[in-house]
Amino acid sequence: MKTIFNYPKYSAVILSLICFGCKIDKHPIIDISTQQMEIQTVDSIPSGWNTFKYKNLSNETHFIVFEKYPVGKGIDDSRAEVLPVFDEGMTLFNEGKTDEGLAAFGKLPAWFYEVAFTGGLGFTSPNTTSESTIYFEPGNYLMECYVKMPNGKFHSVMGMLKEIRITEQKRKLKEPKPTINLSISSDKGIISNDTYKVGEQVIGVTFLDQKAHEHFLGHDVHLVKLSNEAKLEELDYWVNWLNPKGLVTPSPKGVTFLGGMQEMNKDNTGYFNVNLTPGNYALIAEVPEPTKKNMLKRFTVK
């Protein structure tokens, strides 16, 4: 008896479906998008290595950071006990009441200090796409953007907060092979000895250490392309959320954010993809005074 594989018109379709299925299993991409003040994506994904493609379809700069929450805590707890504290503190900062603003953060619940930052997608300019690959342990995570609106309100307070469950099922995706390696530490800053060339690049970011800086957050790495009107001193100021105009929309002139890797714990590595075209660029950490900390590094792609 003949099978359908003896007939070309069927075998071609079946083989294409088989190959298509293999491609999905081998190279899964998780889409994330923003149109206004929201994070649109799936509700759960397998643990292990996962690749995310973020399309910023809005008119403001955003990022996506993943935060692993303690067992039993989630988005409802954040909305009830965390966001109001940050909103109150930032409002006081905007009114020039720095001491009162700092005191307000003392109202954060004890469990919040168990939240672990596990990487993410770096600053991404409007109508721009960024891509990152990160390793996840099972658990309950929140995705957040805390860039600020023109009135100083955090995007997370306005709705850019999304819960995502990392399941026990493990994805069979191999760790990426970087074309460019860089590392970052609190004492040496951003370190990279590789040459940045035109074309598609996979940039690996290794965190040699991690600590809370003056703005209570750790260090990370973001990639920006600089036009002739870009002023690095404005970028240096803007990346510190504690500054009155820090992280406030609009982002600095002449700067296009292309993604990066959000903060991770010591000895962890995350990867982000970028298509480098000729021009001037910079790598920068979202910390107070990154230039003084060797966390703002310029380079040129010829």
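Anything mentioned here points back to the structure above.
Residues numbered from 1 in each chain as written. Predicted model: local features only at pLDDT ≥ 70, side-chain atom pairs only at ≥ 80, totals over all residues. Heavy atoms only, no water.

Draft legend 1. Main features of the overall build of the chain. Looking only at helices and strands, one finds 4 helices and 15 strands in the chain. Contacts in the chain between residues far apart in sequence, at least 24 positions, make up 71% of those at least 6 positions apart. With an accessible surface of roughly 14900 Å², the chain has 53% of that area assigned to carbon and sulfur atoms. (Helix = DSSP H or I, 4+ residues; strand = E, 2+ residues; numbered from the N terminus. Contact = heavy atoms within 4.5 Å. Areas by Shrake-Rupley, 256 points an atom, 1.4 Å probe, with all protein chains shown as cover.)

Draft legend 2. Seen up close, the pairing of strand β7 (residues 161-170). Note that strand β2 (residues 44-56) and β7 share 4 bridges and pair parallel. From the neighbouring strand, Ser 44 faces β7, where its bridge partner is Arg 165. Pairing of strand β6 (residues 139-144) with β7 involves 6 bridges; the strand directions are antiparallel. Each bridged residue has a counterpart across the sheet, and for Leu 142 the counterpart in β7 is Glu 163. (Pairing = 2+ DSSP bridges.)

Draft legend 3. Quick look at the pattern of salt bridges. Counting across every chain of the model gives 8 salt bridges. The shortest N-O distance in the salt bridge between Lys 53 and Glu 131 comes to 3.9 Å. Residue Lys 53 is located in strand β2, and its partner Glu 131 is located in strand β5 (residues 128-136); the two are separated by 78 residues in the primary sequence. The residue Glu 289 makes a salt bridge to Lys 292 at a minimum N-O spacing of 3.2 Å. Since its relative accessible area comes to 41%, Glu 289 is described here as partly exposed. Judged by relative accessible area, Lys 292 falls into the exposed class, the value being 69%. (Salt bridge = Lys/Arg side-chain N within 4 Å of Asp/Glu carboxyl O. Buried < 20%, exposed > 50% of the residue type's maximum accessible area, 1.4 Å probe, protein only.)

Draft legend 4. How the structure looks around helix α2 (residues 75-94). Where α2 bends most, at Val 82, the angle is about 35°, and the proline Pro 84 comes one to four residues later. All of the buried residues along α2 are Ile 75, Asp 77, Ser 78, Val 82, Leu 83, Val 85, Asp 87, Gly 89, Met 90, Leu 92 and Phe 93. In the core, the buried residues of α2 are packed alongside α3 (98-104), β6 and β7. Gly 96 sits one or two positions beyond α2 and adopts a positive phi of about 85°. (Bend = angle between axes of the 7 residues up to and from the residue.)

Draft legend 5. Geometry of the pairing of β6. When you tally the buried positions in β6, you get 6 out of 6 residues, the bulk of the element. Burial along β6 is two-sided: Gly 139, Tyr 141 and Met 143 facing one way and Asn 140, Leu 142 and Glu 144 facing the other are all buried. As paired strands, strand β3 (residues 62-68) and β6 are joined by 4 bridges and run antiparallel to one another. Residue Glu 67 lies in a different strand from β6, and its bridge partner there is Leu 142.

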